[in-house]
Amino acid sequence: MLAGAGIVATAGTARAADVAYKTECKPPPISGLPAIKGTTKVTVTAPATAKVGDEVEVVWKTVEAASKNPDILDLDKDTVQPTGTIKVAGAQTGDLAMQGPRQNPPIPKNSPMKLPDMKGTLKLEKPGEVTLAPGFYNINVNKPISTDTKCTPDEEVPPAVTIKVSDGGGSGGTTAGTSGGESGAGGTDAGGTDSGGTDAGGTDSGGTDSGGTDSGGSTSGGTSAGSTGGSGGDPDGTAYQGKELEVPYACKTPIGDKKATSPVRINGVKKGGGYDLTVKFSKSVMDSPADIPKGSVTPSMDVKVGGADKGTVKVTGPANAGPIKSGQPIEIPDLKGTYKPGATGKATLTPGVLTVKALGTTTTCTPEKDPGVSLALDTSAQPGGTSGGTSGGTSGGAASGGSAGGAQTAGGSAGGLADTGASDHGALTALGLFAGTVLLLGGAVFTFTPWRRLRR
């Protein structure tokens, strides 16, 4: 089971392996330097064995970057921050976002780059062998100006590590993971880091400025700028980590209006002209007070698109893959969807209306105020993109964006409990509501939980 919302205590002993691959690094345009071809050497560390449902920590150690700090300027202490992407293949596939802290010793010009370790968290979904291969990475330098150097594999990168995953009966999850950069890392450059002087040298922003964003922290709301990344020039598989926000929700439930706050983060991975989005909740584990049947709870969210673009993106999570026994942890699944930009410019992504369907009941939660931007992306308009779409109404019964309208139960009116067809009608519907709100709001305990019904 999960140890809190973080790394699983039962995962196997960590295994480290090296891999080297040909790489092309593009210096910041302001440097005037050509692309540099070299070899990247990486040590990847991950557990040798784990179970389905486990969340495991993956560490990327850059033994040797593909290029040196060019003969332009010396890089000061703690001015360099890497981000990258690990390709997940085998029993499950995806892209794992990696991030390191802004932490480095002074790096003289014309000397090897010294990058801090990057970390990410991978949730294991299926039994079998899962392979991990390092790939694209960026190096950001934030002084004297913020610049990015983007390094892309020039060949197919072989897997560095294989995790043998046994069937642990987990509830399913995502391969997107969370970027595990250490606290105080400064900001993330979702678009990748730029090495002002690293690599091909030069200290140019290449169009993205990651130095000022802070992806690791949390905010209590307001108008936080969130994390910025994305660019028409970024290769597929580039990962962008959003900023964690404390979202205050007002919920319409079958038994009345309730409030709760949940930490939410929106991450993205570039795919073609669009982005695969993953909405993640922290503080997501809570013990269930009663048995929850398999497939009984399904969450979704309307991510609000703003800035240059307008509309919403529907992201959904899987129903619980197996029954959850009383006393076992309930965890929030990652919500996934695809964002196709409808406009060119800087688009912003903000957590929106949450909907949970559980055993015939619907709970709808709307942010009480604008929680701020979790992720900003530099986008290029795509045919059939989001722009011009409504900020409300989504399919599948989800609440309209920004509307806190009363949720109705399936087959009943608002304020009542739906007929599930089960003989223990009261217990099941109350349990469904309880499970839905726990999944929805990060394990918060509500005063409206019908405990007496749960004991029946």
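Definitions and cut-offs
All chains use their own residue numbering, which begins from 1 and follows the written sequence. Local features in this predicted model are restricted to residues whose pLDDT is 70 or higher, and side-chain atom pairs enter the listing and the counts only when it is 80 or higher, whereas totals over whole chains, interfaces and linings include all residues. With hydrogens and water set aside, each side-chain value is computed from the structure's full complement of heavy atoms. Here, a salt bridge means any Lys or Arg side-chain nitrogen found within 4 Å of an Asp or Glu carboxyl oxygen. Starting at the N terminus, helices and strands are each numbered in turn, a helix being any DSSP run of H or I of at least four residues and a strand any DSSP run of E of at least two. The classification of residues rests on relative accessible area computed with a 1.4 Å probe and restricted to protein chains. Under 20% of the type maximum is buried, over 50% is exposed, and intermediate values are partly exposed. Scored between 0 and 100, pLDDT is the confidence that the predictor attaches to each residue. Residue contacts follow a heavy-atom distance rule, with two residues in contact if any of their heavy atoms lie within 4.5 Å. We call Phe, Tyr and Trp rings a pair once their centres come within 6.5 Å, taking the six-membered ring for Trp, and we label the pair stacked below 30 degrees between planes, edge-to-face above 60, and tilted otherwise. Think of a nonpolar core as a cluster: buried Ala, Val, Leu, Ile, Met, Phe, Trp, Tyr and Cys residues, connected wherever their side-chain atoms sit within 4.5 Å.

A word on the pattern of salt bridges. According to the stated counting rule, one finds eleven salt bridges in the structure shown. The residue K259 makes a salt bridge to E368 at a minimum N-O spacing of 2.9 Å. Remark: E368 occurs in the loop between β27 (361–367) and β28 (375–379) and K259 occurs in strand β18 (residues 256–271); sequence separation between them is 109 residues. Using a relative accessible area of 60% as the deciding quantity, one classes K259 as exposed. Look at E368 and you get partly exposed, because its relative accessible area is 44%. For the salt bridge of K280 with D334, the shortest nitrogen-to-oxygen distance reads 2.7 Å. Of this pair, K280 sits in strand β19 (residues 274–281) while D334 sits in the loop between β23 (329–331) and β24 (335–339), and the two are 54 residues apart along the sequence.

Quick look at the confidence of the model for the protein now. Taken as a whole, the protein shows an average pLDDT of 72; of its residues, 63% reach a score of 70 or greater. Across residues 170–225 the pLDDT falls below 50, and counting only partners more than four positions away or on other chains, this stretch makes 266 contacts in the model.

Another point: the packing of aromatic side chains. Centre distance and the angle of the planes are the two values used to describe a pair of aromatic rings. Scanning all chains against the criterion turns up three aromatic pairs. On the basis of an interplanar angle of 20° and a centroid distance of 6.2 Å, the ring pair of Y275 and Y339 is categorised as stacked. Separated by 64 residues along the polypeptide, Y275 in strand β19 and Y339 in strand β24 bring together distant segments of the chain. Across the pair, exposure class does not vary: Y275 and Y339 are buried alike. Through a chain of ring-to-ring contacts, the aromatic side chains of Y240, Y275 and Y339 assemble into a single cluster.

The subject of this paragraph is the nonpolar core. One finds V58, L122, L132 and Y137 to be the most contacted residues of the largest nonpolar core, which totals 38 residues. Elements with a contribution of two residues or more to this core: β1 (14–26), β2 (36–47), β4 (55–64), β6 (80–90), β7 (94–99), β9 (118–123), β10 (128–141) and β12 (161–166). The leading source of residues in this core is β10, at six residues. Apart from the residues within four sequence positions on either side, L132 is in contact with A46, V58, I86, K87, V88, L122, P159, A160, V161 and I163. Among the nonpolar cores identified, the runner-up in size contains 25 residues, and Y240, I266, V279 and M301 belong to it.

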